[in-house]
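So the chains spell out like this:
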Amino acid sequence: MTTIEEATRGPESEIGKARLRKEDQRLITGRTKFTDNIQLTGMLHLSMVRSPFAHAHITSVDASAAKASPGVVTVLTGQDVKDSQGGLPNAWPLTGDQKAPDHPAIAVDRVAFAGEIVAVVVARSAAAARDAAELVDVEFEELTPALDLRRAAADEVLAHPDLGTNRSATYVFDSQEAGTGGDVEETIREAEVLLEREYRQQRLIPAFMEPRSVVVDPTSEQFTVWSSTQVPHFVRIFIALTLGVPESKIRVIAPDVGGGFGGKLQITPEEMITFLAAQHTGKPCKWTETRSESLLSGHHGRDQWQKLTLSASRDGTVKGLKVELLAGLGAYTALLGGGVPLLGASMFNSMYKFDAYRFELTTVFTNKTWVDAYRGAGRPEATFAIERLMDDLADELGMDPLELRRKNWITHEEFPFDTVAGLQYDSGNYEAATDRATELFDYAGLRAEQQQRREAGDPVQLGIGISTFTEMCGLAPSRWLGRMNYAAGGWERADVRVLPTGKVEVVTGVSPHGQGHETAWSQIVADRLGVAFEDVEVLHGDTQSSNRGLDTYGSRSLVVGGQAVIEAADRVIEKAKPLAAHMLEANVDDMEFDRGNFSVKGTDQGVGLAEIAFAAFSAHDLPAGMEPTLDAEATFDPVTFSFPHGTHLCAMEVDTETGQVSMRSYVCVDDIGNVVNPMIVEGQVHGGLVQGISQALWEEAVYDDNGTLVSGSFVDYTLPTTADTISFTTDRTTTPALSNDMGAKGVGEAGAIASTPAVVNAVLDAIRQFGVKDIRMPCTPERVWRAITEGQAGQSDPGGDPTTGDAVPHFETGSLNQDDPDPSAGLGTNGARS
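Our subject in this report is the structure included herewith.

Examining the packing of aromatic side chains
Right, on to step 1. The full count for this structure, using the stated rule, is 18 aromatic pairs.
Right, on to step 2. Ring geometry for Phe234 and Tyr553: centres 5.9 Å apart, planes at 45°, overall tilted. Of this pair, Phe234 sits in helix H8 (residues 232-243) while Tyr553 sits in the loop between strand E21 (536-539) and helix H18 (557-584); the two residues are 319 residues apart in sequence, bridging distant segments of the chain.
Right, on to step 3. Look at Phe415 and Tyr430: their rings are 5.6 Å apart centre to centre, the planes differ by 80°, and that puts the pair in the edge-to-face class. Separated by 15 residues along the polypeptide, Phe415 in the loop between helix H13 (401-408) and strand E16 (417-418) and Tyr430 in helix H14 (residues 430-441) bring together distant segments of the chain.

Take a look at the structure:
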């Protein structure tokens, strides 16, 4: 395995060690403190009353029976709090003229999705609150819901009638207008080969292990909020802005958080409601969701229709790429809203050298659960589309799909490379990662076996899927976010304190939920300051101790937050240097620092950091002007993104008689730059792989014609277990990033980004011989079997609802008025010209 070269870190370096995680001892011994574990004297409990309808007027709410129920303290309705609850925030309006409805925490007169809160019961126990919630009598006048994304874009039925349209905003990037490339329409007119493809990104539900929970204690001068969140600093800011409470009066703590995957990158109605209930009663209040509530009302992910047009020459050289994207918002714009698909705008071109590029995004409201960030956030969607399209182009040209990719890559000699989408990739070596992956995968051997099976007419066919990807991560340069209309910045803050005893405290603005920050930050600081790994303690997730920070998402923790830690540690060294010189009676310019000790050049005189820290604390003999601490802080704002990449290869076996698919092998070789802890990296990669594979094969949020979520439990929303997956082969190559001192690139989302197209491409590769051009995800046995059956019958284009015979028209952003194909259908609209 290729990791950091020994020369870059030395034999005793902490960087690169596979340290066991500091966090795991308390996790595996049950000594965690999740939000629901918090118990406070006199605490009240909340239960939400939710709408069973996707779209309806609220005609009346009768809470009298609930209020009379044993143990009930109060019942709050939208009418009760309409003047104080404000509206939930949208921090990333896609454009200045974006249309968006108000988003109340408790609906007042209309509900916009099934699961929206219409009342909240506050009681002395959780059981009493749940029982009383059943007694709240809400009368609704049901309205027609807007459910299908493409029909909603055509405004056939309005999700929010007062807006007059379901189209929230449209964003366009054109390489010719931006000066980053040519005219995409010209490449289309002059194309020797032209492909148009439509792909569907189904809705997914972030299935984090720990349900969402929030506790609010109003009994002191400061409100204390515990929340299972990825973004405690955001929660503090937006509670203050929304409810009008001074920020200084709010303390937010994210204790142990059991996973997030973007699903806890949100300001939730329940956080606001629990805060309001605590204000109203003057008592501590707690709400913890059930799993069905989590699936129903926690925000969903993905939900896109993608139309791609690619122009190429007959030898396979790509020329132009046009992307037309419909992105479902669900009922509301959410915290990031339209910004999530915007994160994919710069990634559809991926690692390929297109001459021209155009991206058009339209965000659309429906009467479904709101959509926001889910692991990868816009970049998995973009990678899926371009990697599917490259396989389709290879099929059209009769080329090996791997050779087609090689032909169009940015080569390692061309870095840094300015892309047609307006970004500069700083480093990479796609050839090295691919060479290693094909070696581990036995690509040539599996292609030979595939040919043998085809010639023999084997009912179990073998398919080989390829995904060569890059991504932008390390969100994000503040100036870039400003240009993209995002409300906040992308900097990160860290404090490093050498205590009088020589131990070290690190305060970080990022907020972990399973990533291993306590371990990795300890390794970084131990390496930088020359202290023992065990002597470093990392503090996080509390806005009182970590009062500055922008939290955790977008693979930003190490490359942004970690860099802030490095800079703070370096400032500790610079701060200690004058005191060390003073103690050694030497000139500051003659001081050298190595592995925790200052020494005078050319002598054996030295003093350790711990001794210097105590001398600073005692302050008996400090240099003039020096304060009595070895504390330092740093804020880092990246000037660019980091760009990890990799090659993922998947072999799938498909039973052509039943449609059953099974994974034969999976190899991935990622380049994530230099690695701090390879054990943590392996965990991130394996987890991401399973998540992306699950989108390809199992997961989908399904609604019925009334807008009811029918995949509202783990009985119907299918997640894989260890029995459903195989052992993956993983490896790394290394080209250090140039954007941070570590040379790190980020890894948290890589597996989830690359694996989905690798698996779907493999399934399709096994059955293309039967005339199959596409399969809607997830690739269930029924969909695969139907695709084979229809392909053999010559019905590969177009594919619609097989029960009605309705064809699916070409995707036109101006007139999208046709239902999604039946979920059991295997085929989508595809066309090609050569």
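Let's talk about unusual backbone geometry
Right, on to step 1. In the segment running from Leu475 into Ala476, the intervening peptide bond is cis, with an omega of -15°.
Right, on to step 2. With respect to the secondary-structure elements, Ala476 resides in the loop between strand E18 (460-470) and helix H16 (478-483).
Right, on to step 3. With omega at -5°, the peptide bond leading from Met777 into Pro778 counts as cis.
Right, on to step 4. Structurally, Pro778 is set in the loop between helix H21 (750-767) and helix H22 (781-792).
Right, on to step 5. Unusually for a residue other than glycine, Ser350 sits at a positive phi of about 55°.
Right, on to step 6. Topologically, Ser350 is positioned in the loop between helix H11 (339-342) and strand E15 (356-365).
Right, on to step 7. Classification of Ser350 by relative accessible area gives buried; the value is 2%.
Right, on to step 8. Its identity as a non-glycine residue notwithstanding, Ala377 has a phi of 50°, on the positive side.
Right, on to step 9. Residue Ala377 is classed as buried on the basis of its relative accessible area, which comes to 8%.

Description of the sheet that holds E21
Right, on to step 1. The strand order E21-E20-E19-E25 describes an open sheet built from four strands, whose pairing is mixed. With one partner strand each, in any of the chains shown, E21 and strand E25 (630-636) form the two edges of the open sheet. For this sheet, the mean inter-axis angle between neighbouring strands, taken without regard to orientation, is 15°.
Right, on to step 2. Most of the contacts of helix H19 (residues 609-618) go to E25, to which it runs at about 105°, and overall it touches strand E19 (492-498) and E25.

Looking at the pairing of strand E3 (residues 72-77)
Right, on to step 1. Burial of E3 is extensive: five of the six residues sit out of reach of the surface.
Right, on to step 2. For E3 and strand E5 (residues 117-123), the ladder comprises five bridges, and the chain directions are antiparallel. Within the sheet, the bridge partner assigned to Leu76 lies in E5 and is Val120.

Criteria and cut-off values
- In this numbering scheme, every chain counts its residues from 1 along its sequence in written order.
- Only residues with pLDDT of at least 70 are given local features in this predicted model, and only at 80 or more are side-chain atom pairs given and counted; all residues enter the totals for whole chains, interfaces and linings.
- Calculation of side-chain values draws on the structure's entire complement of heavy atoms; hydrogens and water are dropped beforehand.
- Stacked, edge-to-face and tilted are the three classes for Phe, Tyr and Trp ring pairs, Trp counted by its six-membered ring, which pair at centre distances within 6.5 Å; planes under 30 degrees apart are stacked, over 60 edge-to-face, the rest tilted.
- We count a stretch as a helix when DSSP gives it H or I for four or more residues in a row; a strand needs E for two or more, and each element gets its number in order from the N terminus.
- Accessibility here uses a 1.4 Å probe with only protein chains present; expressed as a share of the type maximum, an area under 20% marks a residue as buried, one over 50% as exposed, and anything in between as partly exposed.
- Two strands make a pair as long as DSSP finds a minimum of two bridges between them.
- To obtain each axis, a line is fitted to C-alpha atoms, and for helices this fit is confined to the stretch in contact; angles are then taken between N-to-C directions over 0 to 180 degrees.
- Should any heavy atoms of two residues lie within 4.5 Å, those residues are considered in contact.

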